[in-house]
Every structure is written in C-alpha cells, then in structure tokens.
Amino acid sequence: MNTVVKIIVIYLILMTLAGFFSMGIDKRRAIRHAYRIPEATLFLIAALGGSLGSILGMRHFRHKTRHRKFVWGMPGILILQIILGTALGIALRKYFF
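Residues numbered from 1 in each chain as written. Predicted model: local features only at pLDDT ≥ 70, side-chain atom pairs only at ≥ 80, totals over all residues. Heavy atoms only, no water.

Q: Would you mind going over the packing of aromatic side chains with me for this structure?
A: For any pair of aromatic rings, geometry is given as the distance between the ring centres together with the angle between the planes. This model, assessed by the stated rule, comprises three aromatic pairs. Ring geometry for phenylalanine 20 against phenylalanine 61: centres 5.1 Å apart, planes inclined by 50°, an arrangement best described as tilted. Here phenylalanine 20 is found in helix α1 (residues 3-32), whereas its partner phenylalanine 61 is found in helix α2 (residues 39-61), with 41 residues between them in sequence. The exposure class assigned to phenylalanine 61 is partly exposed, which follows from its relative accessible area of 25%. Three or more aromatic residues joined by ring pairs form one cluster here, namely Phe20, Phe21 and Phe61. (Phe/Tyr/Trp six-rings, centres within 6.5 Å; stacked < 30°, edge-to-face > 60°. Helix = DSSP H or I, 4+ residues; strand = E, 2+ residues; numbered from the N terminus. Buried < 20%, exposed > 50% of the residue type's maximum accessible area, 1.4 Å probe, protein only.)

Structure representation (structure tokens):
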C-alpha cells in the first residue's frame, strides 16, 4: 500500500474514533449537566472526516437523535464525503496510475 494511502486511512480511522467518542463524551456531560461540547465542534469533527463515527456514536449513545440538524446533517456530510472521496480517487487514479 502506498504511504500516502496509509496516511489517509490512518487519518480517517482517527477521525472516525474522534467522532464516535465525542458523541459519548458529550452525552456523559449532558447527563451530568456539565460543560458540553459545542454543536459546531461536533459538526466540525464530522466534516473533517469523522462523520461515520459521529453517526455511529449518535446511535450507540442515543445522543442528538431528536435534533433534525444532526439526524439529517451527519448523514448528509457522510454522503458528501463519499461522493467527493470517490471523485477525488478516480481523478488521482487517472492522473498518477
């Protein structure tokens, strides 16, 4: 596997974990009435590659599942990332390989 591909895969794994655990941390803080992770931060983590982890975290921790912007926004970000990633992959494959 190419080094660049390895770096991208590791990055996406780390962001997926960050998305998942940020939902769990925010849920725990919500239960304890503690300082919460801002919604903008949760969306930023998703937009930077953690959308799958955020969606899985929403489902696992039952967190933000009543908020429309999360229920529709997180899958929307994931779909956009899949489309852009596929297009970029096709373009890079034609150019480099």
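Q: Would you mind going over α2 with me for this structure?
A: Because an α-helix completes one turn every 3.6 residues, residues spaced three or four positions apart along the sequence face the same direction. Taking 1.5 Å of rise per residue, 23 residues should cover 33 Å, yet α2 covers just 16 Å from first to last C-alpha, more than 12% shy of that figure. The largest bend in α2 comes to about 125°, at glycine 50. Against α1 and α3 (68-96) lie the buried residues of α2. One or two positions beyond α2, positive phi appears at arginine 62, with a value near 50°. (Expected span 1.5 Å × (residues − 1). Bend = angle between axes of the 7 residues up to and from the residue. Contact = heavy atoms within 4.5 Å.)

Q: Is there a simple way to think about the environment of serine 54 in this case?
A: By secondary structure assignment, the location of serine 54 is in helix α2. Along the backbone, serine 54 and methionine 23 are 31 residues apart, and their C-alpha atoms lie at a distance of 6.4 Å. Setting aside residues up to four positions removed in sequence, serine 54 forms contacts with Gly19, Phe20, Met23, Leu42, Ala46 and Met74.

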